[in-house]
Every structure is written in structure tokens, then in C-alpha cells.
Amino acid sequence: MNSIILSSLYDPCFPYAFIETMDDLFKNILDRERTRQSADSLITNFTIEMIKHLIKKETLSLNLFRPATDRWIIFHTLNISYIVCNMLIMNSFPYTFTVQGVKSAIMHDIAHILLKSTSIEDDRDEIRDNWRLHIALGYRLCTRFGLSREVCDSVLYHHERFDGMGLANLKGKRIPFYSRLINLADKAEQAIFHNEEHSESFPNSLMKMKGNVLDPDLVEDFIHTFGPFPPGTRFQWKGETYVFQGTNIKNRELLFENNSGKTYHVPLNDFLKNW
Ligand SMILES: [Fe+2]
Ligand SMILES: [Fe+2]
């Protein structure tokens, strides 16, 4: 089971049970025979479950699900929802805003299921047909389900670049906020798995996209929410190895463990100032 997350040494971002819940949700809302509950209320129910789970967390880490195999859409959607939801909670967004943001994250790539996209490359490679199609089809699904204007627009623009060089040529803060957030989460997930062998390079990969692909303010918020590294990132300092564990969100501290298992708490702001 642990082969589906980044590191078997740490808890996954969401409980494993959420994988089946997400799978069931997608099956239910795409079922044309569904009569009992509206798609909107099914999505809202799972959104609230996610918020309730994350609001209790004391330590955050980017121990994401591996967006591989034929279930990549499930794993990827959970990862993006995890990042978006935590960023909204940590920045004290009103509850209703958080709900809309997470619903946007849940819906952003759902059209890949109908398009039978076989790998996450269908969501990343702009010359693939499914890359263009999933954006428009996802938007249509959201309108058909009667989701809010914010959610529909967020899905439509979730691959726009901050510099305006994207498909719809929307630029900067004119791109809907949740779309910018989803794009950031998407690129962060990609950079985490791309730098898996050298996770200390992850923040550099993210910084290279700041201001061109990604909203620079959101990149800063991301680092201040999760810390600059995925869990398990190793550092050498004065002959000793320190391993990054995650961020204590209550005390705003980064947690490192040394060779002998002792945990060190480093204030996040102090670390980022000297970094
Ligand atoms: Fe995505
Ligand atoms: Fe996408």
C-alpha cells in the first residue's frame, strides 16, 4: 500500500480510505442514472469531510499520493485538494470560500475520466488532444451539475499561466483565484515527484515558475504553509544528517530529525529568512 505515496515513513496526506471515497464520488456524480442526490451535494459532502479532517492536523507534510497507474486521477485529485484546502485553511479564508476552492479542486480534472486519459501526461502535455478537451468538457460538466460560477470558471482556467501565455490569454490576477491555486498545487505535485531522488531541489523547481507560470504571491504562501521541502529531505550540517519531517502549523515550526532520532523545532520564519 505504501508504494502509492511519496514516502512510506510518513502518514499520507489524506487517509487511505479517502481513495475509495473519491473513487465512489466520481462514479456517483458521473452516473447519469443518479436520481437520489444532486452532484453538487455529493461533492459538498466530501469537501466538508476533507476540511474536517485537515482542520484537526497539527503537522503538515507533502507526503502525496503517487499519481501513477490507471487510478492517477483519483490520486492526483486528492493531492490537489489537499494542497488547496490547507492553503485556504492556513490563510484563514472564510469557510464558504474554502468549500468553493476544494470543490473546484475536486472537479478540475474530472473530465479525464470521460476522456479515458491513461496517464497524468494527458494533463501535462499541451499538444495532446485530451489536454485541450478536458478543460472545456470539465467546464461543461460543472455547469450541467449546477455548480457555482466560481467553480465552473476555476475549472475552465486551471491551466492558465500567470504571464498570460496560456490557452485563454488571461493574465496575472485576472485568472480566477482558485485556478491559480489549482495550477500551483499541480506544478508543486509535478516538481515533488520529478525531484524525488534529490528532494532538496524541489523549492528551486518551484521558484523557477514563480511569476511566469505561477502567481508569485501564492508560491510564497505555499512555502509558508508546507515549508520548503517534501518530508524525508536530507541535509548535512556540521557532520550530522537532518531529515525534514514536516511543518508544525500551530507553532509555525519546521521539524527536523537527526541521526539519533532527536527532533529539532526551527521557527519557519527564521529558517526562511536565512534560506
Ligand atoms: Fe490537475
Ligand atoms: Fe488539468
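Calculation notes
Residues numbered from 1 in each chain as written. Chains lettered and ligands numbered in written order. Predicted model: local features only at pLDDT ≥ 70, side-chain atom pairs only at ≥ 80, totals over all residues. Heavy atoms only, no water. Helix = DSSP H or I, 4+ residues; strand = E, 2+ residues; numbered from the N terminus. Rg over C-alpha atoms; globule rule 2.2 N^0.38 Å. Buried < 20%, exposed > 50% of the residue type's maximum accessible area, 1.4 Å probe, protein only. Areas by Shrake-Rupley, 256 points an atom, 1.4 Å probe, with all protein chains shown as cover. Donors = N, O, S within 2.8 Å, 3.2 Å for Na, K, Ca; no water. Pairing = 2+ DSSP bridges.

Engineer: Please clarify how the overall build of the protein chain should be interpreted in this entry.
Structural biologist: Helix and strand counts for the protein chain stand at 12 helices and 5 strands. Against the 2.2 N^0.38 benchmark of 19 Å for 275 residues, the protein chain shows a C-alpha radius of gyration of 18 Å, consistent with a compact globule. Expressed along its principal axes, the backbone C-alpha trace of the protein chain runs to roughly 60 × 40 × 35 Å. Within the protein chain, the proportion of its 275 residues that are buried is 53%. Entry remark: accessible area of the protein chain is about 13000 Å², with carbon and sulfur atoms responsible for 50%.

Engineer: How should I be thinking about the coordination of the iron ion (ligand 2) in this particular structure?
Structural biologist: Note on metal sites: the ideal angle is 109.5 degrees for four tetrahedral donors, and 90 or 180 degrees for six octahedral donors. For the iron ion (ligand 2), the full set of protein donor atoms is Asp-109 (OD), Asp-123 (OD), His-134 (NE2), His-158 (NE2) and His-159 (NE2), and the range of their distances to it is 2.1 to 2.2 Å. Within one chain, the residues serving as donors to the iron ion (ligand 2) are arranged as D-x13-D-x10-H-x23-H-H.

Engineer: How do you make sense of unusual backbone geometry when you look at a structure like this?
Structural biologist: The general pattern is negative phi for most residues beyond glycine and trans for most peptide bonds. A positive phi angle, near 55 degrees, is found at Ser-92, a position not held by glycine. Topologically, Ser-92 is positioned in the loop between helix H3 (72-90) and helix H4 (95-107). Of note in the backbone geometry, Lys-238 takes a positive phi value of approximately 50 degrees without being a glycine. Tracing the backbone shows Lys-238 in the loop between strand E2 (234-237) and strand E3 (240-248).

Engineer: Would you take a moment to explain the pairing of E2 for this structure?
Structural biologist: Put simply, side chains in a regular strand alternate between the two faces of the sheet. Pairing of E2 with E3 involves 4 bridges; the strand directions are antiparallel. Bridge assignment links Arg-234 to a residue of E3, and that residue is Val-243. In textbook terms, the turn of a hairpin is the stretch between consecutive antiparallel strands, and for E2 and E3 this stretch comprises 2 residues, one of which, Lys-238, has a positive phi near 50 degrees.

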